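# Observations on the three-dimensional arrangement
Here is how the chains run, residue by residue.
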Amino acid sequence: MDASDLLTEAYGRLPDLVAAAVEGLSPEQLRQAPGAGSNPVGWLVWHLTRIQDNHLSDLHGDEQVWLGGDRASRFGLSADPDDTGFGHGPAQIAAVRPENGQVLIDYHRAVVDRTLAYLRGLSAADLDRVVDETWDPPVTLGVRLVSVLDDDLQHVGQAAYVRGLILRG
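The structure contained in this document is the topic of the report that follows. Since the model is a prediction, treat every value here as computed from it, not as a measurement. (Residues numbered from 1 in each chain as written. Predicted model: local features only at pLDDT ≥ 70, side-chain atom pairs only at ≥ 80, totals over all residues. Heavy atoms only, no water.)

## Comments concerning the packing of aromatic side chains
The line we're drawing: Only centres within 6.5 Å qualify two rings of Phe, Tyr or Trp (six-membered ring in Trp) as a pair; their planes then separate them into stacked at under 30 degrees, edge-to-face at over 60, and tilted for everything else.
Taken as a whole, this structure holds five aromatic pairs when the rule is applied. Aromatic rings pair up to connect Trp-43, Trp-46, Trp-66, Phe-75 and Tyr-107 into one cluster.

So, in structure tokens, the structure goes:
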């Protein structure tokens with residue numbers, strides 16, 4: 001298996017994990033934080049998808065999926081390409097109001113489909129290309145892709161855990 005196939009396999013597992021975290025939850029449950037200072041399922045899944053959409057769109061030079069159609073309004077938000085949830089405080093977290101679990105699943109699926117198409121076209125040499133020189137050492141494409149995947153997996157795991165707390169609540 002080459003690196004592109006490995007990344008494709010890893011990113012390709014995310015949609016099932018996202019669906020498992022949100023399916024069957026009401027809009028209120030998607031917005032329910034399990035405690036003060038914690039994040040609700042809807043925000044966690046929105047955030048992990050926004051990070052992937054933002055970072056991967058930057059890498060392949062296409063407009064973010066978030067900016068197309070009425071997607072942002074279905075979350076109660078504006079289509080701000082820089083709003084990924086990074087640094088959100090309680091009021092901003094509460095403002096992320098997905099209509100239902102399906103809008104989260106659909107947005108995530110659209111982002112993953114674009115990501116997988118991009119990954120399938122990569123060579124091993126592409127992964128060594130520097131994509132961000134503001135870090136020391138500079139960040140390569142391979143490191144960025146692993147970083148996004150790591151963030152996604154952590155947040156989808158958190159969302160699954162919060163789901164369990166809500167359903168047992």
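We are not done yet, so read on.
## Considerations on the environment of His-108
Put simply, the test is: Numbering of helices and strands runs from the N terminus, with a helix taken as a DSSP run of H or I at least four residues long and a strand as a DSSP run of E at least two residues long. Three exposure classes are used, based on accessible area relative to the maximum for each residue type with a 1.4 Å probe and protein chains only: buried under 20%, partly exposed in between, and exposed over 50%. In what follows, a contact means two residues having at least one pair of non-hydrogen atoms within 4.5 Å.
In this fold, His-108 is placed in helix α6 (residues 101-120). Judged by relative accessible area, His-108 falls into the buried class, the value being 1%. When the C-alpha positions of His-108 and Gln-52 are compared, they lie 9.0 Å apart, and in sequence the two are 56 residues distant. In this structure, His-108 is in contact with Leu-14, Pro-15, Val-18, Leu-48, Thr-49 and Gln-52, ignoring residues within four places of it in sequence.

## Comments concerning unusual backbone geometry
Omega for the bond connecting Asp-136 with Pro-137 falls within 30 degrees of zero, at 5°, which places this linkage in the cis form. Within the element layout of this structure, Pro-137 appears in the loop between β1 (130-132) and β2 (139-140).

## Some thoughts on the side chain of Asp-83
Spelled out, the test is: All tallies of charge rest on Lys and Arg as positive and Asp and Glu as negative; His and the ends of each chain are not included. Salt-bridge detection follows one rule: a side-chain nitrogen of Lys or Arg within 4 Å of a carboxyl oxygen of Asp or Glu. Under the rule applied, a polar contact is a pair of N or O atoms within 3.5 Å (in protein, one hydrogen donor and one hydrogen acceptor; residues adjacent in sequence only if both atoms are side-chain atoms).
With respect to the helices and strands, Asp-83 occurs in the loop between α4 (41-60) and α5 (90-95). Although Asp-83 lies buried, it forms no salt bridge, and the closest oppositely charged side chain, Arg-50, sits 6.2 Å away as judged by the N-O distance. Within the local environment of Asp-83, its side chain forms a polar contact with the backbone nitrogen of Gly-85, the two atoms lying 3.5 Å apart.

## A few points about α6
What counts, and what does not: Given a helix with a known number of residues, its expected span is that number minus one, times 1.5 Å.
With 20 residues, α6 extends 28 Å between its outermost C-alpha atoms, agreeing within 8% with the 28 Å of an ideal straight helix rising 1.5 Å per residue. When α6 is considered as a whole, its buried residues turn out to be Gly-101, Val-103, Leu-104, Ile-105, Tyr-107, His-108, Val-111, Val-112, Thr-115, Leu-116, Tyr-118 and Leu-119. Where α6 begins, the side chain of Asn-100 points an oxygen toward the backbone nitrogen of Gln-102, at a separation of 2.9 Å.

## Structural notes on the pattern of salt bridges
Within this structure, the stated rule accounts for five salt bridges. In this structure, Arg-50 and Asp-53 form a salt bridge, with 3.4 Å as the shortest nitrogen-oxygen distance. One end of the pair is Arg-50 and the other is Asp-53, both in helix α4 and three residues apart, which spans about a single turn. With relative accessibility at 0%, the residue Arg-50 sits in the buried group. Across the salt bridge formed by Asp-132 and Arg-144, the nearest N and O atoms sit 3.0 Å from each other. Remark: Arg-144 occurs in helix α7 (residues 141-168) and Asp-132 occurs in strand β1; sequence separation between them is 12 residues.

## Notes on helix α1 (residues 3-12)
Owing to its 3.6 residues per turn, the α-helix brings residues three or four apart onto one side. The cut-off we apply is this: When we speak of the arc, we mean the arc of directions from the helix axis to the C-beta atoms.
Along α1, the residues that are buried comprise Ser-4, Leu-7, Thr-8 and Tyr-11. Taken down its axis, α1 places every buried residue within 100° of arc, on the same side. Its side-chain oxygen at 3.2 Å from the backbone nitrogen of Ser-4, Asp-2 defines the N-terminal cap of α1.

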